[in-house]
Amino acid sequence: KLVDLGTLYVTDASNELGQVEVVAQKPLVKADIDKIEYNVKDDPDSETNSVLEMLRKVPLVTVDGEDNIKVNGSSSFKVYVNGKPNNMMSNNPTEVLKSMPANTIKHIEVITNPGPKYDAEGVGGILNIVTEGGGFEGYTVTLSGNVSNRGAGGGLFGTVQKGKLTVSGRYNYNYNNSPRSYSGGSQRATETNSDVANLDYDGSSKGDGSFQSGSLEASYEVDSLDLISASFGLWGGGNASNGGSNYLGTSPATGGRLYQYATDVHSKSSWYSIDGSVDYQRLSPSVKGRMFTLSYKINTRPQTSDSYSVYNIDEDYDSSWTDYLNRLLDLHNDGSQNTTEHTFQADYTTPIGKLHTI
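Each chain carries its own residue numbering, running from 1 in the direction its sequence is written. In keeping with the model being predicted, local features are shown solely for residues with a pLDDT of at least 70 and side-chain atom pairs are shown and tallied solely at 80 or more, while totals for entire chains, interfaces and linings include all residues. To obtain the side-chain values, all non-hydrogen atoms of the structure were used and water was disregarded.

S.K.: Honestly, the overall build of the protein in this entry has me stumped. Any pointers?
M.R.: For the purposes of this entry, the term helix denotes a DSSP run of H or I that reaches at least four residues, the term strand denotes a run of E that reaches at least two, and both are numbered from the N terminus. Regarding its fold elements, the protein presents four helices and 19 strands. All radius of gyration figures rest on C-alpha atoms, and the globule criterion is 2.2 Å times the number of residues raised to 0.38. Taken over C-alpha atoms, the radius of gyration comes to 33 Å for the protein, far larger than the 21 Å a tight globule of 358 residues would show. Along the first, second and third principal axes, the C-alpha set of the protein runs to 150 × 55 × 35 Å. Type-normalised accessible area, obtained with a 1.4 Å probe on protein chains alone, sets the label of each residue: buried when under 20%, exposed when over 50%, and partly exposed for intermediate values. Counting the 358 residues in the protein, one finds 29% classified as buried. Note on contacts: a residue pair qualifies if any of its non-hydrogen atoms lie within 4.5 Å across the two residues. Counting contacts in the protein only where the partners sit at least 6 residues apart, residues at least 24 apart contribute 64% of the total. Values of accessible area rely on a 1.4 Å probe in the Shrake-Rupley scheme; residue burial ignores everything except the protein chains shown. Total accessible area on the protein is roughly 22800 Å²; 52% of this is exposed by carbon and sulfur atoms. Counted as positive: Lys and Arg. Counted as negative: Asp and Glu. His and the chain ends are not counted at all. Where a charge lies is defined by one atom per residue type: Lys uses NZ, Arg uses CZ, Asp uses CG and Glu uses CD. For the protein, the distance from the average site of its 29 positive side-chain charges to the average site of its 43 negative ones is 9 Å.

S.K.: Looking at this structure, I do not really get the pattern of salt bridges. What am I missing?
M.R.: Pairs may arise between side chains of opposite charge once their charged atoms sit close together. Every case where a carboxyl oxygen of Asp or Glu lies within 4 Å of a side-chain nitrogen of Lys or Arg is listed as a salt bridge. A complete count under the given rule lists eight salt bridges for this structure. For Asp67, the salt bridge is made with Arg56, and the minimal N-O distance between the two is 2.9 Å. Taken together, the residues Asp67 in the loop between strand 3 (61-63) and strand 4 (69-71) and Arg56 in the loop between helix 1 (51-55) and strand 3 connect sequence positions 11 residues apart. Look at Asp67 and you get buried, because its relative accessible area is 16%. The class for Arg56 is partly exposed, based on a relative accessible area of 43%. Taken together, the shared-partner salt bridges in this structure form one network comprising Asp43, Asp45 and Lys57.

S.K.: How should the sheet that holds strand 7 (residues 105-111) be read in this particular structure?
M.R.: Sheet strands associate in pairs through backbone hydrogen bonding, adopting either a parallel or an antiparallel arrangement. Only strands that DSSP links by at least two bridges are regarded as paired with each other. Taken together, the six strands give an open sheet; going across it, the order is 1-2-7-8-5-6, and neighbouring strands pair in mixed fashion. Edge positions in the sheet fall to strand 1 (29-31) and strand 6 (84-85), since each has one partner strand and no second. Summarising the sheet, strand 1 and strand 2 (residues 35-38) pair through three bridges and their orientation is antiparallel. Opposite Ala31, over in strand 2, you have Ile36 as the bridge partner.

S.K.: Help me understand the pairing of strand 13 (residues 198-221) in this model?
M.R.: Two faces, one strand: in a regular strand the side chains alternate between the faces of the sheet. Strand direction decides the pairing type here: strand 11 (residues 165-177) and strand 13, joined by 13 bridges, are antiparallel. Following the sheet pairing, Gly169 is matched in strand 13 by Leu216. Here seven bridges tie strand 12 (residues 181-187) to strand 13, and the two strands are oriented antiparallel to one another. Within strand 13, the position partnered with Ser181 by the bridge is Ser205. The pairing of strand 13 with strand 14 (residues 226-250) spans 24 bridges and is classified as antiparallel. Considered in strand 14, the bridge of Asp200 is made with Leu248.

S.K.: Teacher, can you tell me more about the packing of aromatic side chains here?
M.R.: Aromatic rings in a pair are described by how distant their centres are and how their planes are angled relative to each other. For Phe, Tyr and Trp, where Trp contributes only its six-membered ring, two rings pair if their centres lie within 6.5 Å, and the inter-plane angle classes them as stacked under 30 degrees, edge-to-face over 60, or tilted in between. If you walk through the whole model with that rule in mind, you get nine aromatic pairs. Aromatic pair Tyr247 and Tyr261: ring centres 4.9 Å apart, planes at 20°, arrangement stacked. Placement of Tyr247 in strand 14 and of Tyr261 in strand 15 (residues 257-283) is noted, with a sequence separation of 14 residues between them. Given the relative accessible area of 21%, Tyr247 is considered partly exposed.

Coordinates in, geometry out; function isn't part of it.
Below, the structure written as structure tokens:
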């Protein structure tokens, strides 16, 4: 039987979904058997903080109010960059990491049980800083500055990548102007013979100093298996001070003046650590994880010091103290030293089965 319903009008009542967003949170901390890894790249604070500020978040690392760093409770640790030792950072980590922007770092590894690969006997741990490489074409530049009533400083950090070549450099300089310091005191003799004297003295000194550090790193990816890298770094500084003191010797028996003289002391010193390295890395085309690395590194540490003292002796003194005062000749100390270390190293890494690596 047929039924004619005529014309039927229908309306689409479907609801459209405006937007779907899938959010995945990468873990910032990853724990392994012998190390803990903090993913600096995925932390939003890395865009504005320095590496030193990011270290406050890293497990097993503490940074106190004076920016002193401890790893696993110990202030004896080494700093590696991309798996290689870095003397500049190990010798002065606070100044160097304070001037380095965190957005250039991929992750930080805290190695609490260094194996023989790291040659780290006698240290509490290793901070391995893995830098961000690749992923962009162009350059980044970061400027920083600071000023206080004790001095001023500034720094520059930049990275340039063009094709297979990556170059990054950093320089930081700080000047410290210490306030004048004052000192004084007295010594009293327990005997009253003519061979001893009471001594009163007072003086002051004023000094200033500077610290600078810098590094330059470059890498060239020949192809997917071969990588050549080179680095240069320096840190160090100098101090200079000027001061003077007044000395008065009096008789323990009568209190009369026996002698009087003044000294002018001038000193300056400098110390530096300069290192450079060249590395060649070759990956196996057939075995994943097999790698051969050939490295050369040089480190030199020049140091200088120079100081002299001028004695101004009052001519009105007791004649029995002539021999003593004649021994107060002008003193001049001048010293310099330098140590240089060359390191040649070859590393070969290969997996054995699925669980072991030699």
